[in-house]
Amino acid sequence: MSQMSSMLNDTCRNAMYISAITKCIAHFTNSTGIQPTVLDVGSGTGLLSMSAAKNGAKNIIGCEMFQAMAAVSEDVIEANQLQDKIAIFPDKSSNMCEEHLEAIHQVVNGDTDSNEDSGGYRPHLLISEILDSALLGESCIISHTDAIERLIQPDDVSDPSDTVTVTSIPIPPLRERIIPHDAQIYAHLVDCATVSSMVGVGSINLDGATPWKFPGSEKCRGGWPLLPVHWDIYEDNHGGKCISSPIAPMSTEDSGSGSCGVSTPTEILTVDFYSGYVQEGESECPSRSSSSTVYATEDGIVNGVLLWWKVRLLAPEIDPDATCVLHTAPRAVVEQVNRGEAQVEGLSKLPELNWQDHWLQVVHPLPEPIPVTAGQRLQINAAHDSIHIWLDVTSVD
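Cut-offs used in this document
Residues numbered from 1 in each chain as written. Predicted model: local features only at pLDDT ≥ 70, side-chain atom pairs only at ≥ 80, totals over all residues. Heavy atoms only, no water. Helix = DSSP H or I, 4+ residues; strand = E, 2+ residues; numbered from the N terminus. Buried < 20%, exposed > 50% of the residue type's maximum accessible area, 1.4 Å probe, protein only. Contact = heavy atoms within 4.5 Å. Areas by Shrake-Rupley, 256 points an atom, 1.4 Å probe, with all protein chains shown as cover. Core = buried A, V, L, I, M, F, W, Y, C linked by side-chain atoms within 4.5 Å. Disulfide = S-S within 2.5 Å. Pairing = 2+ DSSP bridges. Salt bridge = Lys/Arg side-chain N within 4 Å of Asp/Glu carboxyl O. Phe/Tyr/Trp six-rings, centres within 6.5 Å; stacked < 30°, edge-to-face > 60°. Lys NZ or Arg CZ within 6 Å of the ring centre and 35° of its normal. Polar contact = N/O pair within 3.5 Å; in protein donor to acceptor, adjacent residues only side chain to side chain. Arc of directions from axis to C-beta. Expected span 1.5 Å × (residues − 1).

A.B. asks: Explain the overall build of the chain here, please?
C.D. replies: Scanning the chain for helices and strands turns up nine helices and 16 strands. Burial analysis of the chain (397 residues in total) assigns 50% to the buried set. Counted over contacts in the chain with a minimum sequence separation of 6, partners at least 24 positions apart contribute 75%. As displayed, the chain has an accessible area near 18000 Å², and 50% of this comes from carbon and sulfur atoms.

A.B. asks: Explain the nonpolar core here, please?
C.D. replies: Nonpolar side chains in soluble globular proteins tend to end up buried together. If you look at the biggest cluster of nonpolar residues, it comprises 81 residues, and the most contacted ones within it are Leu39 and Leu135. It is helix H2 (residues 11–32) that contributes the most residues to this core, seven residues altogether. If sequence neighbours within four positions are ignored, leucine 39 has contacts with Ile61, Cys63, Met96, Pro123, Leu125, Leu126, Ile127, Ala147, Leu151 and Ile152. If you look at the next biggest cluster of nonpolar residues, it comprises eleven residues, including Cys192, Val195, Val199 and Leu227.

A.B. asks: Looking at this structure, I do not really get the state of the cysteines. What am I missing?
C.D. replies: When the sulfur atoms of two cysteines share a covalent bond, that bond is a disulfide. Considering all chains together, one arrives at zero disulfides under this definition. No disulfide involves cysteine 192; its nearest neighbouring cysteine sulfur is the one of cysteine 242, lying 9.8 Å away.

A.B. asks: Looking at this structure, I do not really get the sheet that holds strand E9 (residues 244–245). What am I missing?
C.D. replies: Through backbone hydrogen bonds, the strands of a sheet pair up, either in parallel or in antiparallel fashion. The antiparallel open sheet is built from four strands, whose spatial order is E9-E11-E15-E16. In this open sheet, the two edge strands, each paired with only one partner strand, are E9 and strand E16 (389–395).

A.B. asks: Help me out: how do you make sense of the pattern of salt bridges in this one?
C.D. replies: The full count for this structure, using the stated rule, is ten salt bridges. One salt bridge in this structure joins aspartate 146 and arginine 150, with 2.7 Å as the shortest N-O distance. Of this pair, aspartate 146 and arginine 150 both sit in helix H6 (residues 140–150), four residues apart, which is roughly one turn of that helix. Looking at arginine 150, the relative accessible area reads 26%, which means it is partly exposed. The partner of arginine 177 in a salt bridge is aspartate 155, and the shortest N-O contact between them spans 3.2 Å. Residue arginine 177 is located in the loop between H6 and strand E5 (178–179), and its partner aspartate 155 is located in the loop between H6 and E5; the two are separated by 22 residues in the primary sequence.

A.B. asks: For this particular structure, what's the right way to read the packing of aromatic side chains?
C.D. replies: Given two aromatic rings, one states the distance between the centres and the angle between the planes to describe the pair. By the definition in use, this model includes three aromatic pairs. Aromatic side chains tyrosine 186 and tryptophan 308 sit 4.6 Å apart centroid to centroid with 20 degrees between the ring planes, which places their arrangement in the stacked category. With tyrosine 186 in strand E6 (residues 182–191) and tryptophan 308 in strand E12 (residues 300–312), the pair connects residues that are 122 residues apart, well separated along the chain. For tyrosine 186, a relative accessible area of 1% translates into the label buried. Look at tryptophan 231 and tyrosine 234: their rings are 5.9 Å apart centre to centre, the planes differ by 10 degrees, and that puts the pair in the stacked class. Residue tryptophan 231 and its partner tyrosine 234 are both found in helix H8 (residues 231–237); the two are separated by three residues, about one turn of the helix. The two residues tryptophan 231 and tyrosine 234 agree in class, both being buried. The cationic tip of arginine 175 hangs over the ring face of tyrosine 274; the distance from NZ or CZ to the ring centre is 5.0 Å.

A.B. asks: Is there a simple way to think about the environment of arginine 13 in this case?
C.D. replies: Its location among the elements puts arginine 13 in helix H2. Sequence-wise, arginine 13 and histidine 327 are 314 residues apart; in three dimensions their C-alpha atoms are separated by 9.5 Å. The contacts of arginine 13, once residues within four sequence positions are left out, are Met7, Leu47, Glu129, Leu326, His358 and Trp359. Among the polar contacts made by the side chain of arginine 13, one reaches the side chain of glutamate 129 at a distance of 2.8 Å.

A.B. asks: Would you mind going over helix H9 (residues 331–338) with me for this structure?
C.D. replies: Given 3.6 residues per helical turn, the α-helix brings residues three or four places apart onto the same face. Of the positions making up H9, those classed as buried are Val333, Val334, Gln336 and Val337. Each buried residue of H9 lies within a common arc of 165 degrees when the element is viewed along its axis, so the set occupies one face. Its buried side turned inward, H9 meets E6, E12 and strand E13 (325–327). Looking at the residues trailing H9, positive phi occurs at glycine 340, about 80 degrees.

A.B. asks: I tried to follow the pairing of E6 on my own but got confused; where do I start?
C.D. replies: Across the ten residues of E6, ten count as buried, placing the element largely inside the fold. Going residue by residue along E6, you find Asp182, Gln184, Tyr186, His188 and Val190 tucked away on one face and Ala183, Ile185, Ala187, Leu189 and Asp191 tucked away on the opposite face as well. Pairing geometry for E6 and strand E10 (residues 266–272), over six bridges, is antiparallel. Of the residues in E10, the one forming a bridge with alanine 183 is valine 271. Strand direction decides the pairing type here: E6 and strand E8 (residues 241–242), joined by two bridges, are antiparallel. Residue pairing in the sheet places valine 190 in a bridge with cysteine 242 of E8.

A.B. asks: Sorry, what's going on with the side chain of serine 292 here?
C.D. replies: When you line up the elements, serine 292 lands in strand E11 (residues 288–296). You can call serine 292 buried: its relative accessible area is 10%. In contact with serine 292, not counting residues within four places along its chain, are Thr266, Glu267, Ile268, Leu378, Gln379 and Ile380.

A.B. asks: What should I look at first to understand helix H4 (residues 67–79) in this one?
C.D. replies: Along its 13 residues, H4 runs 19 Å from first to last C-alpha, staying within 8% of the 18 Å computed at 1.5 Å per residue. Taken together, the buried positions of H4 are Met69, Ala70, Ser73 and Ile77. End-on, the buried residues of H4 take up no more than an arc of 100 degrees, which puts them together on one face. Among the exposed residues of H4, those pointing more than 90 degrees away from its buried face are Gln67, Ala68, Asp75, Glu78 and Ala79. Where H4 terminates, the next one or two residues include glutamine 81, which has phi positive at roughly 55 degrees.

Structure, rendered in structure tokens:
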């Protein structure tokens, strides 16, 4: 709730989402000849629902779990005279069932006709903006998986008599009906003593006092979480710098300066929001992992791992030039990528986005700092489940 003002004032975010929603609706209508119904998960003030209503959707169901926000969105929708097209379900989308979909359909459309040709009561498109600085912490995977399994029109038609879940008109595949589409997470090893102090207490001056209950407690570094930071500020005010690259150095023998190459981002994880993860529990999905080799670009001490993400809102079939993209890259990385200096596959351009405070970079402080020399090889092991990301860094050389 506290970040709502920042999000609403993020004109780049809003414009990207409106563009993506418009293109997705047009793609569906051009493919089927019908106006889609839309499910908006985490609808907030109703901005995305209203964008869908104004750009070709037949009707929209917005799910907002915070009762106060749901009430605000209903007032906003009525003020924009869109209450005949948008209905707000004041609860989690996971608590919605087909009976709710039918009841909402009757309220919005004023009839009991399930309109079998356009897919019964199930919405055709799924949109959401439930991303946080660490990408997964607001349960986007969980919410999408549940909606794909229970609420959204499926790809496969297995029971032609089931008019609640089946459409008689071929529709685009799920991957072309879900916003956001997928995301990549990028990492940099960072040299910044302040990062180590973010989770340690050993540097606190206690004037000789010993408050620790157990010996060695002063060395405790917590759970090594992902901590939001404005990395641009850390670079300017705390001497922080990125010192890794996925590109192997040519040679370090002739470089007497302790420097080797330029720090560039390393892709460590890819997440999709359209496949529907097979769940192993009520709110879990199988963990997915990867290992990435990086090289130190200069002598230093690795105190942590800086992470940022890039989200593609639309499937490449709809947006082949990837014009609808959001990211949390630091300013220096955006400039580096757009100058063509990053040399990372799939990362040729990043849009210039305005400063905002609701999506930041995150840093993972290491349990123990790692001294490195230019050209030294290290390995970043990364994994994620439905809401968590784990990291481990080891020296290979």
